[in-house]
Amino acid sequence: MKDKLISREDIRTLHPVFRGKYGDPLIDAGIKLSGIQNASDIYDRSKHLTGISFCRDLLDKLEIRRVVKNQEVLEQYKNKPFITVSNHPYGHIDGIALLETVGSYSDRFRVMVNHILGLIDTLKDNFIIVNPHQKQVNVTLNGVRQCLQHLKEGNPLGFFPSGAVSYISFKHRRFGIMDREWQLSVLKLIRRAGVPVIPIHISGRNSIPFYLSRVFGWKTRTLLLCHELKNKKGKEIVITVGDPILPESMQIIRDDAKLGEYLKQQTYGLAQQTLHN
């Protein structure tokens, strides 16, 4: 295990300014402003554990209540190949909650995550890491290959198809929290897998200041994710599992972008069950 969840070296990879003459003072300021120490403290309390045990311990110590609806679907698909698609409202604990929920039924379940969740070395055997912002594609391609191999071996796999944390949007004269467009590379992979897809909606959102930070770019927003961990303590997350979407149904939708819209609608439609139940 690592001594620190996010090291100074990790921060230096975010921007050339952290590798320059004033890099160390800027890193010190960044650690204070971003709440990285808070994330490290949370990690330290559970880093003696790995896998599902780590997830459960971390969420319990944050006093986060998890309510899982329609979990009988996961029981039906226990130890069978399938794919899950989920919205990404938090950018950190949603991945941990998803892994705990589905992994409790399928111990071979892995989740494709971005480099942020990939920093959690205690979950290295449960995550397949890609970086949607990486200019060099070697890391992402390697992650895609791992996904294909995992599915080829008949194992279940989870996706956050947006590849990034949700943002605030204004549609139909209303503000809402929504994923960006689901990535075509993920949708092509889903189509190629030819296994049932289980949509899973995760309730909740980050703070308004976090969403407003989008104007400063994804790197600034990434640093602020650590602050968002602190304000999740004592919250409730409702995880709603949808009915499986069979490969035959997806074959009817030949366009990958439209398939993404369909899967996204099915996932966000589960939020209505959360409101009415």
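The rules behind each value
- Residues numbered from 1 in each chain as written.
- Predicted model: local features only at pLDDT ≥ 70, side-chain atom pairs only at ≥ 80, totals over all residues.
- Heavy atoms only, no water.
- Helix = DSSP H or I, 4+ residues; strand = E, 2+ residues; numbered from the N terminus.
- Core = buried A, V, L, I, M, F, W, Y, C linked by side-chain atoms within 4.5 Å.
- Buried < 20%, exposed > 50% of the residue type's maximum accessible area, 1.4 Å probe, protein only.
- Contact = heavy atoms within 4.5 Å.
- Phe/Tyr/Trp six-rings, centres within 6.5 Å; stacked < 30°, edge-to-face > 60°.
- Expected span 1.5 Å × (residues − 1).
- Arc of directions from axis to C-beta.
- Disulfide = S-S within 2.5 Å.
- Pairing = 2+ DSSP bridges.
- Axes fitted to C-alpha atoms, helices over the stretch in contact; angles between N-to-C directions.

Colleague: When you look at the environment of D28 in this model, what are you seeing that I'm missing?
Modeller: In this fold, D28 is placed in helix α2 (residues 23-34). Taking the C-alpha atoms as reference, D28 lies 8.9 Å from R8; in sequence the two are 20 residues apart.

Colleague: Sorry, what's going on with the nonpolar core here?
Modeller: Grouped burial of nonpolar side chains is what soluble globular proteins tend to show. Within the largest apolar cluster, 45 residues are counted, with the highest numbers of intra-cluster contacts made by I93, I96, L99, V111 and L123. Listing elements by their share of this core, those giving two or more residues are α3 (36-46), α4 (51-61), α5 (72-76), α6 (93-103), β3 (110-113), β8 (197-202), α10 (218-230) and β9 (236-241). For this core, the element with the highest residue contribution is α6, accounting for 6 residues. The contacts of I96, once residues within four sequence positions are left out, are C55, L58, L59, L117, I120 and L123.

Colleague: Help me out: how do you make sense of the packing of aromatic side chains in this one?
Modeller: For any pair of aromatic rings, geometry is given as the distance between the ring centres together with the angle between the planes. For the coordinates displayed, the defined rule picks out 4 aromatic pairs. Their ring planes at 80° and their centres at 6.1 Å tell us that Y77 and F82 sit as a pair that is edge-to-face. Exposure class is identical for Y77 and F82. Each is buried. Grouped by ring-pair contacts, the aromatic residues Y77, F82 and F109 constitute a single cluster.

Colleague: Can you help me understand the side chain of H150 in this one?
Modeller: Along the polypeptide, H150 turns up in helix α7 (residues 138-152). With relative accessibility at 7%, the residue H150 sits in the buried group.

Colleague: Hey, could you run me through α2 in this one?
Modeller: Two residues of an α-helix separated by three or four positions point the same way, owing to the 3.6 residues in each turn. Here α2 spans 16 Å end to end across 12 residues, near enough to the 16 Å set by a 1.5 Å rise per residue. Buried within α2 are the following residues: G23, I27, G30 and S34. End-on, the buried residues of α2 take up no more than an arc of 60°, which puts them together on one face. Across from the buried face of α2, at angles greater than 90 degrees, the exposed residues are K32 and L33. Backbone geometry just downstream of α2 places G35 in the positive-phi region, at approximately 85°.

Colleague: Please clarify how the state of the cysteines should be interpreted in this entry.
Modeller: The term disulfide refers to a covalent linkage connecting the sulfur atoms of a pair of cysteines. What the rule picks out here adds up to 0 disulfides. Just so you know, C55 is unpaired, no disulfide at all, and the nearest cysteine sulfur is the one on C147, 17 Å from it. Judged by its relative accessible area of 0%, C55 falls in the buried class. Of the cysteine sulfurs around C226, a residue in no disulfide, the closest is that of C55, at 17 Å. For C226, a relative accessible area of 8% puts it in the buried group.

Colleague: How do you make sense of the pairing of β3 when you look at a structure like this?
Modeller: Looking down a regular strand, the side chains alternate between one sheet face and the other. Neither face of β3 is left uncovered, since the one carrying R110 and M112 and the one carrying V111 and V113 both have all their residues buried. Judged from the 3 bridges that link them, β3 and strand β5 (residues 157-159) form a sheet pairing that is parallel. Each residue of the ladder has a partner; that of M112, found in β5, is F159. Relative to strand β4 (residues 127-129), β3 runs parallel, the two sharing 3 bridges.

Colleague: Any chance you could explain the sheet that holds β9 here in plain terms?
Modeller: Taken in spatial order, the 7 strands make up an open sheet running β1-β9-β8-β2-β5-β3-β4, and their pairing is mixed. Strands at the two margins of the open sheet, each flanked by one partner only, are β1 (65-69) and β4. The average angle at which neighbouring strand axes cross in this sheet is 25°, direction not considered.

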